[in-house]
Amino acid sequence: MLFFSFFKTLVDKQVTVELKNDLTVRGTLKSVDQYFNFRLENIVVLEQEKYPHLSAVKNLFIRGSVVRYMHIPESAVDVTLLQDATRREIAASVGVSS
Amino acid sequence: MSLDEMVFIKMRGDRELKGRLHAFDSHCNIILGQVQEMIYSDPDIPPTVKISPMLYVRGDAIVLVSPIK
């Protein structure tokens, strides 16, 4: 749940997604689901000369499993909040397994 | 744990990351800050280095995570 909630706070922010096939796309994050599938709008392909086949595409849906990275604006993140949420998540999962 | 500490991450595809660990889950999905990515190709060529202020890394590509002193 942690990362799902985190991505929901990033909706309407500009992000850069790098896929496992090395394609890198920058756009506005419009939605996310439990599988971390993403929808981006008004995309720009980085290194467009190398990947010309998306030149007519404005919006896209990315399957979560093909994502390698998402570059996020530093200002969109509260690291203290993230760290505290992680500690709670780990504490909860340790409680479940033991 | 190593939260807010610098960690070293080895990934599939001859990639390595160094950065500050801000979040993770049981799948090893990670949020890293102040990140340096090293991409290795030929042994004689120095690795390609990329910087990112804040990065989400999907857990399924991660092989190893270790704290850095």
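Given the structure is predicted, the values throughout are model-derived calculations rather than measurements. (Residues numbered from 1 in each chain as written. Chains lettered and ligands numbered in written order. Predicted model: local features only at pLDDT ≥ 70, side-chain atom pairs only at ≥ 80, totals over all residues. Heavy atoms only, no water.)

Undergrad: Please set out the sheet that holds strand 2 (residues 15-24) of chain B residue by residue, giving values where relevant.
TA: Ordered in space as 4(A)-3(A)-2(A)-1(A)-5(A)-4(B)-3(B)-2(B)-1(B)-5(B), the 10 strands form an open sheet in which the pairing is antiparallel. Among the strands making up the open sheet, the edge pair consists of strand 4 (60-62) of chain A together with strand 5 (62-67) of chain B. Shown here is a sheet whose adjacent strand axes are inclined to one another by a mean of 40 degrees, direction ignored. For strand 1 (residues 14-19) of chain A and strand 2 (residues 24-32) of chain A, the ladder comprises five bridges, and the chain directions are antiparallel. Bridging from a neighbouring strand, V15 of chain A pairs with G27 of chain A of strand 2 of chain A. Here helix 1 (residues 2-9) of chain A sits on the sheet in contact with strand 2, strand 3 (38-45) and strand 5 (67-71) of chain A together with strand 2, strand 3 (30-39) and strand 4 (48-57) of chain B, set at roughly 105 degrees to strand 2 of chain A. Contacts from helix 2 (residues 79-97) of chain A reach strand 2, strand 3 and strand 4 of chain B within the one sheet, and its direction differs from that of strand 2 of chain B by about 80 degrees. (Pairing = 2+ DSSP bridges. Helix = DSSP H or I, 4+ residues; strand = E, 2+ residues; numbered from the N terminus. Axes fitted to C-alpha atoms, helices over the stretch in contact; angles between N-to-C directions. Contact = heavy atoms within 4.5 Å.)

Undergrad: Give a detailed account of empty space enclosed by the protein, specifying residues and quantitative values.
TA: Taken as a whole and judged by the stated rule, the model has one cavity of 30 Å³ or more. Estimates place the volume of the largest cavity at around 30 Å³. Every residue along the wall of the largest cavity is listed here: H71 of chain A together with L17, V35, E37, K50, I51, S52 and L55 of chain B. A total of four residues in the lining of the largest cavity trace back to one element, the largest contributor, which is strand 4 of chain B. Among the residues forming the lining of the largest cavity, the class breakdown is four nonpolar, two polar and two charged. (1 Å grid on protein atoms, 1.4 Å probe; cavity = no way out; pocket = protein on both sides within 12 Å on 5 of 7 lines; lining within 4 Å. Points joined across faces, edges and corners; volume = space filled by probe spheres on them. Nonpolar A, V, L, I, M, F, W, Y, C, P; charged D, E, K, R; others polar.)

Undergrad: Tell me about the packing of aromatic side chains, and please be specific about residues and values.
TA: Applying the stated criterion across every chain, the model contains seven aromatic pairs over all chains. Geometrically, the ring pair formed by F7 of chain A and F36 of chain A is edge-to-face, given 5.4 Å between the ring centres and 65 degrees between the ring planes. Of this pair, F7 of chain A sits in helix 1 while F36 of chain A sits in the loop between strand 2 and strand 3, and the two are 29 residues apart along the sequence. You'll find F7 of chain A and F36 of chain A in the same group, each marked buried. Members of the aromatic cluster, each reached through a chain of ring pairs, are F3, F6, F7, F36 and F38 of chain A together with Y56 of chain B. Across the ring face of F4 of chain A, the terminal group of K8 of chain A is positioned such that the distance to the ring centre comes to 4.3 Å. (Phe/Tyr/Trp six-rings, centres within 6.5 Å; stacked < 30°, edge-to-face > 60°. Buried < 20%, exposed > 50% of the residue type's maximum accessible area, 1.4 Å probe, protein only. Lys NZ or Arg CZ within 6 Å of the ring centre and 35° of its normal.)

Undergrad: Mind laying out the UniProt feature "domain: Sm" (unreviewed entry) in chain A, listing which residues take part and the relevant values?
TA: Taken from the UniProt record, the annotation "domain: Sm" (unreviewed entry) applies to residues 2-76 of chain A. Its end C-alpha atoms 16 Å apart, residues 2-76 of chain A is made of 11% helix and 41% strand. (UniProt positions renumbered as here; feature names shortened; annotations may be inferred.)

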